[in-house]
Amino acid sequence: MPFLMALCVVIGILIGTFYANHFSGNRLNIINSGSNRLNNLLHIIDDQYVDAVNLDSLVDKAIPQILSDLDPHSVYISAKDVQQATDDLKGSFSGIGVEFVIREDTIHIQGIIKDGPAERAGLLAGDKIVSVDDKPFVGKIVTNEEAMHRLKGKKGTKVKVGVVRYGHKAVKTFTITRDDIPQKSVSAAYMIDDSTGYIKIKNFGENTYPEMLVALAELSQEQFSNLIIDLRDNTGGYLTAATQMINEFLPGNRLIVYTEGRKSPRQEYKSDGRGTYQTIPLVVLINESSASASEIFAGAMQDNDRATIIGRRSFGKGLVQKQIGFNDGSMIRLTVARYYTPSGRCIQKPYQAGDEKGYEEDLVARYKHGEFFSQDSIKHTGPAYHTRNGRVVYGGGGITPDIFVPEDTLGVTSYYRMASMSGLILQYAFVYTDDNRLKLNNFTEMMALAEYLDKQNLVDQFATYADKHGLQRRNLMIRKSHHLLQRYLYSRVIYNIMDEDDWIQYLNLDDNVVKKALEVFRRNEAFPKNTPKKPAGKKNDKVAMQGCRPSIPADPCLWHSCILTTQA
């Protein structure tokens, strides 16, 4: 009897396994067989390949390829890059507290972070770092990555740096104790005129919301009655930071955004009615590099008819990532859902799975198509939706502003483009700053420094410098682009001597988008009116759904804009 019972159990298991394998359609079985093939492949390579192979390095290269076949924002971050990938949004990192650029294979300290370790140790802007921990650090070995590796470190640890200071031949040595260095998300906050406050937000990190509250409190002391929030070139960040900030401007029980995916049930974020600035006239500035959390902010304001959106169409990143860590310290950011604005818009622009190059070149295609210069060139690939007041808005490719302001091309010549793209303007501005730092340091007001630079004939000096460094002097083009060249040069010198706030204030003096925002306030048009339009046709709707629902199995953003300096 025991033998017969055991035999029946074995037969039952075999029959159950057969049916499970052949008729259940269990995807786990497919996944297991796929992973087994990968494991077997790695084992065979390790065991039989002709040369020794670093399997960790091989896996680091294979995982990004697998993820890239899903969507453009599912990414793998190796263990050595995790810290750098999260520092920008954490609100602080541990280092010595300097901003630097690399010129001629040498680290030039461009700025010293106030009250940071480097300032306490006695370093100055303009110092050149030539050694770290008694080892020379000049030449080809000097890269951004290597510099950060040597200068950053755990709080409380020490690093010894040797610097060459202007006017001194001997190397001066400083021992610096690393400490937490704050990372500001609000890069400028000031009164742009007697009644209008201006806040520039460069990303949405852990401290962005409290930073914004501090900025608003300071502007309140100056009795602002209108507000500009500038999200141009803001590539996004944490969803929580964006929703907290939006809550400050919306009445209670208004939908801010919702997320939804194949394995992620719909989750709604709504305002609680406790916001302090629910009725202040508001304008939000965006451009083609405003992405992710920036688009959540702009979309919530637009769909709730709470603010006027001004600028150019945003990037179009409507995918939500979840961070998943591995035991070795590496991690992936996997797309798990899409986010939708209050009207129901999916603003993710169309993409083909695996076509990473085409996705990255989308902004170039927009530029060539003329979208930066004409509103009529904007291609709406999504269906029509309606805001709270009935205004028509579109999904399927970013946030289209209520008021379009084209990119200013007045005075642009091929000479100016080459001067900008080659980096020669940045190089000369730094050289000029370094050579005149003692005199320039006497200026504490941005306008006073700009007026001084007016007398220095900087454009002509730059043209001579550029000619010696491979950019042929073209006097007719230089005259045509004189204002642009001057503006660029002045702004960089101001940035080198003062700080980001002063730099932004200077650039805003003749910024057409900012001027348009002030014009909206003068006309009392910050609150959008009801202007319904004819919805888009069905053909357009079909195209949009292909962009919002790409053929991939599964329903924070890694679009990097140009950074000015590196911090350590």
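Predicted model, so just to flag it, every value in this text is computed and none were measured. Residue positions within a chain follow its written sequence, with the count starting from 1. Residues qualify for local features only when their pLDDT is at least 70, as the model is predicted, and side-chain atom pairs are given and counted only at 80 or more; totals for whole chains, interfaces and linings, by contrast, use all residues. Based on all heavy atoms of the structure, the side-chain values leave hydrogens and waters out of the count.

## Here's the deal with the overall build of the chain
Moving on, step 1. A helix here means a DSSP run of H or I that spans at least four residues, while a strand means a run of E at least two residues long, and both kinds are numbered starting from the N terminus. The number of helices and strands found in the chain is 21 helices and 22 strands.
Moving on, step 2. Each of the 568 residues in the chain was classed as buried or not, and the buried ones make up 47%. A simple rule labels every residue: compare its accessible area, found with a 1.4 Å probe on the protein chains alone, to the largest value its type can have, and call it buried under 20%, exposed over 50%, or partly exposed in between.

## A closer look at the packing of aromatic side chains
Moving on, step 1. Stacked, tilted and edge-to-face are the three classes applied to pairs of Phe, Tyr and Trp rings, where Trp contributes its six-membered ring and a pair requires centres within 6.5 Å; stacked means planes under 30 degrees apart, edge-to-face means over 60, and tilted covers the rest. Here the structure, examined in full by the defined rule, presents 12 aromatic pairs.
Moving on, step 2. Between F224 and Y277, the aromatic rings sit 6.2 Å apart at their centres with planes inclined by 35°, giving tilted as the arrangement. In this pair, F224 sits in the loop between α7 (208-221) and β12 (226-230) while Y277 sits in the loop between β14 (267-270) and β15 (282-286), placing the two residues 53 residues apart along the sequence. Grouping residues by exposure puts F224 and Y277 together as buried.
Moving on, step 3. Their ring planes at 50° and their centres at 5.2 Å tell us that Y428 and Y465 sit as a pair that is tilted. Taken together, the positions of Y428 in helix α13 (residues 424-435) and Y465 in helix α16 (residues 458-468) put the pair 37 residues apart, joining distant regions of the chain.
Moving on, step 4. Under the relative-accessibility criterion, Y428 is labelled buried at 7%.
Moving on, step 5. Members of the aromatic cluster, joined through ring pairs, are F224, F249, Y277 and F297.
Moving on, step 6. Any Lys NZ or Arg CZ that is within 6 Å of a ring centre and within 35 degrees of that ring's normal is treated as a charge sitting over the ring. One Lys or Arg, R266, reaches over the ring of Y258 and ends 3.6 Å from the middle of that ring.

## Description of a negative patch on the surface
Moving on, step 1. A surface patch of like charges, here negative, comprises D355, E356, E360 and E361.
Moving on, step 2. Within the secondary structure layout, D355 lies in the loop between β18 (331-340) and α10 (356-360). Candidate patch residues must exceed 30% relative accessible area and have no salt bridge, after which like charges are joined if within 9 Å and Val, Leu, Ile, Met, Phe, Trp or Tyr side chains if within 5 Å. Surface accessibility in these figures is a Shrake-Rupley result with a 1.4 Å probe; residues are shielded only by whichever protein chains are displayed. Only one rule defines a salt bridge in this text: a Lys or Arg side-chain nitrogen within 4 Å of an Asp or Glu carboxyl oxygen. For the purpose of counting charges, residues Lys and Arg are taken to be positive, whereas Asp and Glu are taken to be negative. His and the chain ends are not included. Every charge is mapped onto a representative atom, which is NZ of Lys, CZ of Arg, CG of Asp or CD of Glu.

## Thoughts on the confidence of the model for the chain
Moving on, step 1. pLDDT is a per-residue confidence score from the predictor, ranging from 0 to 100. Considering every residue of the chain, the mean pLDDT works out to 85; 88% of them sit at 70 or more.
Moving on, step 2. Contact between two residues is taken to exist if any of their heavy atoms lie within 4.5 Å; hydrogens are not considered. Low confidence marks residues 23-28, where pLDDT is under 50. Its contacts with residues over four positions away, or in another chain, come to 2 contacts.
Moving on, step 3. Here residues 532-547 is a poorly scored stretch, pLDDT under 50, and it has 20 contacts once near neighbours within four places are set aside; other chains count.

## Comments concerning the pairing of β12
Moving on, step 1. Along β12, 5 of the 5 residues are buried, which leaves the element largely enclosed by surrounding structure.
Moving on, step 2. Burial along β12 is two-sided: N226, I228 and D230 and L227 and I229, pointing in opposite directions, are all buried.
Moving on, step 3. By definition, two strands form a pair when at least two bridges between them are found by DSSP. The sheet contact formed by strand β11 (residues 196-201) and β12 spans 5 bridges and is parallel. Its bridge partner being in β12, I199 is matched across the sheet by I229.
Moving on, step 4. Every crossover in which the path from the first strand over the helix to the second runs clockwise, viewed with the strands pointing away from the viewer, is termed right-handed. Between β11 and its parallel partner β12, the chain crosses via α7, and the hand of that crossover is right-handed.
Moving on, step 5. When β12 meets β15, the two strands line up parallel, connected through 4 bridges. The residue bridging L227 from the neighbouring strand is L282, located in β15.

## A short note on the packing of α13 against helix α18 (residues 482-497)
Moving on, step 1. To get an axis, a line is fitted to the C-alpha atoms, and for a helix only the part in contact is used. The angle between two axes follows their N-to-C directions and goes from 0 to 180 degrees. In the contact formed by α13 and α18, the axes pass within 9 Å of each other and the chain directions differ by 50°. Put simply, α13 runs oblique to α18. Judged by the sense of rotation from one axis to the other, the crossing of α13 with α18 is right-handed. Only L485, Y488, L489, R492, V493, N496 and I497 of α18 make contact with α13, whose side of the interface consists of I425, L426, Y428, A429, F430, Y432 and T433. An angle counts as roughly parallel when it lies under 35 degrees, as roughly antiparallel when it exceeds 145, as roughly perpendicular when it falls between 65 and 115, and as oblique in every other case. Put simply, a crossing is left-handed when the front helix is turned counterclockwise from the back one by less than a right angle, and right-handed when it is turned clockwise.

## Examining unusual backbone geometry
Moving on, step 1. A positive phi angle is found at D134, which is not glycine, with a value near 65°.
Moving on, step 2. Relative to the helices and strands, D134 is located in the loop between β5 (128-132) and β6 (135-136).
Moving on, step 3. Residue classification places D134 among the exposed positions, given a relative accessible area of 58%.
Moving on, step 4. In this structure, N253 is a non-glycine residue whose phi angle is positive, near 60°.

## Brief notes about the side chain of T259
Moving on, step 1. Locating T259 in the fold gives a position in strand β13 (residues 255-260).
Moving on, step 2. Filtering out sequence-adjacent residues up to four positions away, T259 remains in contact with L239, P265, R266, Q267, Y269, V320, A337, R338 and Y339.

## Things to note about the pairing of strand β10 (residues 186-191)
Looking along a regular strand, one sees side chains alternate from face to face of the sheet.
Moving on, step 1. With 5 of 6 residues buried, β10 is to be regarded as a mostly interior element.
Moving on, step 2. Relative to β11, β10 runs antiparallel, the two sharing 5 bridges. Bridge pairing links A189 to I199 in β11.

## Focus: a nonpolar patch on the surface
Moving on, step 1. The grouping of F3, L4, L7 and I11 at the surface amounts to a nonpolar patch, some 410 Å² of accessible area in total.
Moving on, step 2. Mapped onto the secondary structure, L7 falls in helix α1 (residues 2-23).

## So, the pattern of salt bridges
Moving on, step 1. Summed over all chains, the structure comprises 25 salt bridges.
Moving on, step 2. The partner of D511 in a salt bridge is R232, with the nearest N and O atoms 3.0 Å apart. In this pair, D511 is assigned in the loop between α19 (500-508) and α20 (512-522) and R232 in the loop between β12 and α8 (239-247), connecting sequence segments 279 residues apart.
Moving on, step 3. In this structure D511 comes out as buried when scored by relative accessible area, which is 13%.
Moving on, step 4. Between E268 and K270 there is a salt bridge, with its nearest N and O atoms 3.8 Å apart.
Moving on, step 5. With relative accessibility at 39%, the residue E268 sits in the partly exposed group.

## Considerations on the sheet that holds strand β21 (residues 403-404)
Moving on, step 1. Strand order in this open sheet of 6 strands is β10-β11-β12-β15-β16-β21, and the pairing throughout is mixed. Either end of the sheet is taken by a strand with one partner, and the two such strands are β10 and β21.
Moving on, step 2. Contacts between α20 and the sheet are confined to β11, β12, β15, β16 (308-311) and β21, with β15 contributing the most and set at about 160° to the helix.

## So, the environment of R474
Moving on, step 1. Structurally, the position occupied by R474 is in the loop between α16 and α17 (475-480).
Moving on, step 2. Measuring from C-alpha to C-alpha, the distance between R474 and A463 comes to 8.5 Å, with 11 residues separating the pair along the chain.

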